[in-house]
Each structure stands twice: as C-alpha cells, then as structure tokens.
Amino acid sequence: MADSTGDDIKPIDNEEIEETPGYQPPAQKSLKEIQDQDQDDESLQKYKAQLLAGAESVLDEGGENVLVKQLAIKVQGRDDIKVDLTGDITKLKDKPIVIKEGAEYRVEISFRVQREIVAGLKYFQVISRKGIKVDKNDFMVGSYGPKTEVQSYMTPAEQAPSGMLSRGHYGVKSKFTDDDKKIYLEWEWSFDIKKDWM
C-alpha cells in the first residue's frame, strides 16, 4: 500500500502548455484602443459593452492585471475545500487536501481582472506521484474584462482514482497563464487519496 505521507513533491520541469494548432493570439491593446475599434460593427460594440461594463470604476489592488485568489475542490453534497492563493503559497504542497477515493470532484479557480482585458486565460496542472507524472491537464478559461468582483472558472468533473494501489500522496504543479504566455501565478499543492474523507 502506498505511503500517504512524506513523499517529496518535485517540480515538473520542461512542461509546456500545448497550443491549439493554427491559433494566433490577438495583439495586446489598451482598453481605449479596444473601445475605439470597429465603431461600425453593432454586434461587436454590444459584446465589448458587456465585456467592459463598469471597467472605468474597477478597484485596482496593484500587482498583476490578473490576481489569482483561491483554489477550491468542489464535491457535490460536501463543503468546498478552499485554498487561499493570496498569501504565502510556498507551504501549500506541505498541507495536502484529502480526497476520498472514487469521489467525483471539480477544481474551481477564483480570480480578478483589474485593468485591461485579458485574452485566452488558461489553467494548467501536472499531477505527479513519487516524482512520476501521472496526469496533465490544460483548461481554456477564456477572455475576461476588468471587474471589481471576483470571477471564477470550474474544471469539468473528474473522478479520483480508487483502490488500494491508488491511495497515497499526489503533488500538483499549477499555472495560470494567458495567450501571451504571461504567468500570473504558478504554485504547487498536494492531495492525499484516502479510503474516506478523514
């Protein structure tokens, strides 16, 4: 049976986010340039108005344009397991989240865009066990305009592995990026697959 404590979580080196073939990210533009562009396209103007609603009065907390606030593990019928990403994230890998084997769960990332529209946000994660990569996911989050309110993205449902051999400690290396490959946050966290939630 796998040991559920003491496994070292090693960084996964040379992991690249896979690009969509033929996709070209849009050129970076200021809010003013975006608002002034395509004045004669009514449907595009409506879309921009929706995307930029309230942008002129958005709270600016300083730092990056995109602030990643929280990761949550969501399981139907249970309270969310929340991880604060605004403080010291270096210790997260030493505080594993417990997930019951076979449970269906989703990962939710909460974030704020505070100054400019950000195109092609992506959430990327690599899961490893005892230094060996066991899974890799690349989720397209989308494009977002500035808002004072926190926005969120939820991954599709996944099922935790089950059985004695799958129980144990897993390390996760996560990254939140955009089309320009700008990394807004990169962090490591971990979870333990156990027979039950305790």
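Cut-offs applied
Residue numbers here run from 1 along each chain, matching the order of that chain's written sequence. Local features are withheld for residues below a pLDDT of 70 in this predicted model, meaning they are given only at 70 or higher, and side-chain atom pairs are given and counted only at 80 or more; totals for whole chains, interfaces and linings count all residues. Hydrogens are left out, water is left out, and the side-chain values use all remaining heavy atoms of the structure. In this description a helix means any DSSP run of H or I spanning at least four residues, a strand means any run of E spanning at least two, and both kinds are numbered starting from the N terminus. Pairs of residues are marked as contacts when any of their non-hydrogen atoms sit within 4.5 Å. The accessible surface values rely on the Shrake-Rupley method and a 1.4 Å probe; as for residues, cover is taken only from the protein chains in view. Stacked, edge-to-face and tilted are the three classes for Phe, Tyr and Trp ring pairs, Trp counted by its six-membered ring, which pair at centre distances within 6.5 Å; planes under 30 degrees apart are stacked, over 60 edge-to-face, the rest tilted. Exposed residues in this analysis have more than 50% of their type's maximum accessible area, buried residues have under 20%, and partly exposed residues fall in between, with area computed by a 1.4 Å probe over protein chains only. Here, the term nonpolar core denotes a set of buried Ala, Val, Leu, Ile, Met, Phe, Trp, Tyr and Cys residues that are joined through side-chain atoms within 4.5 Å. Here, a salt bridge means any Lys or Arg side-chain nitrogen found within 4 Å of an Asp or Glu carboxyl oxygen. Confidence scores per residue from the predictor, reported as pLDDT, run from 0 to 100.

**Some words on the overall build of the chain**
Thinking step 1. Of regular secondary structure, the chain possesses two helices and 10 strands.
Thinking step 2. Across the chain, helices and strands are ordered from the amino to the carboxyl terminus as α-α-β-β-β-β-β-β-β-β-β-β.
Thinking step 3. In the chain, the proportion of contacts linking residues at least 24 apart, taken out of those at least 6 apart, comes to 72%.
Thinking step 4. Per element, the accessible surface of the chain, about 11300 Å² overall, is 48% carbon and sulfur.

**Structural notes on the packing of aromatic side chains**
Thinking step 1. Applying the stated criterion across every chain yields a total of seven aromatic pairs.
Thinking step 2. A ring pair is formed by F111 and F176, whose centres lie 5.3 Å apart and whose planes are at 45°; its orientation type is tilted. Residue F111 is found in strand β4 (residues 104-113), and its partner F176 is found in strand β9 (residues 168-177); the two are separated by 65 residues along the sequence. For the residue pair F111 and F176, the accessibility class agrees, reading buried in each case.
Thinking step 3. The interplanar angle of 25° and the centroid separation of 6.1 Å between the aromatic rings of Y123 and W187 together place this pair among those described as stacked. Here Y123 is found in strand β5 (residues 118-129), whereas its partner W187 is found in strand β10 (residues 183-194), with 64 residues between them in sequence.

**As for the environment of K194**
Thinking step 1. Topologically, K194 is positioned in strand β10.
Thinking step 2. Distance in space between the C-alpha atoms of K194 and H169 is 9.0 Å, their sequence separation being 25 residues.

**A few points about the nonpolar core**
Thinking step 1. Formed by 36 residues in total, the largest nonpolar core has its most connected members in L71, I99, Y123, F176, W187 and W189.
Thinking step 2. Among the elements that make up this core, the one with the highest residue count is β10 (six residues).

**Details of the pattern of salt bridges**
Thinking step 1. Taken as a whole and judged by the stated rule, the model has eight salt bridges.
Thinking step 2. Across the pair E61 and R112 runs a salt bridge whose closest N-O atoms are separated by 2.5 Å. Residue E61 is found in the loop between α2 (42-51) and β1 (66-74), and its partner R112 is found in strand β4; the two are separated by 51 residues along the sequence.
Thinking step 3. Assessed through its relative accessible area of 1%, R112 is described here as buried.

**Let's talk about the confidence of the model for the chain**
Thinking step 1. Taken residue by residue, the chain gives an average pLDDT of 83. The fraction at 70 or more is 73%.
Thinking step 2. Segment residues 1-14 is flagged for pLDDT under 50; beyond a separation of four residues in sequence, or across chains, it makes 25 contacts in the model.

**Structural notes on unusual backbone geometry**
Thinking step 1. For K130, which is not a glycine, the phi torsion comes out positive at approximately 50°.
Thinking step 2. The backbone of K181 sits at a positive phi, close to 65°, despite the residue not being glycine.
Thinking step 3. The topology assignment puts K181 in the loop between β9 and β10.
Thinking step 4. The exposure class of K181 is exposed, given its relative accessible area of 55%.

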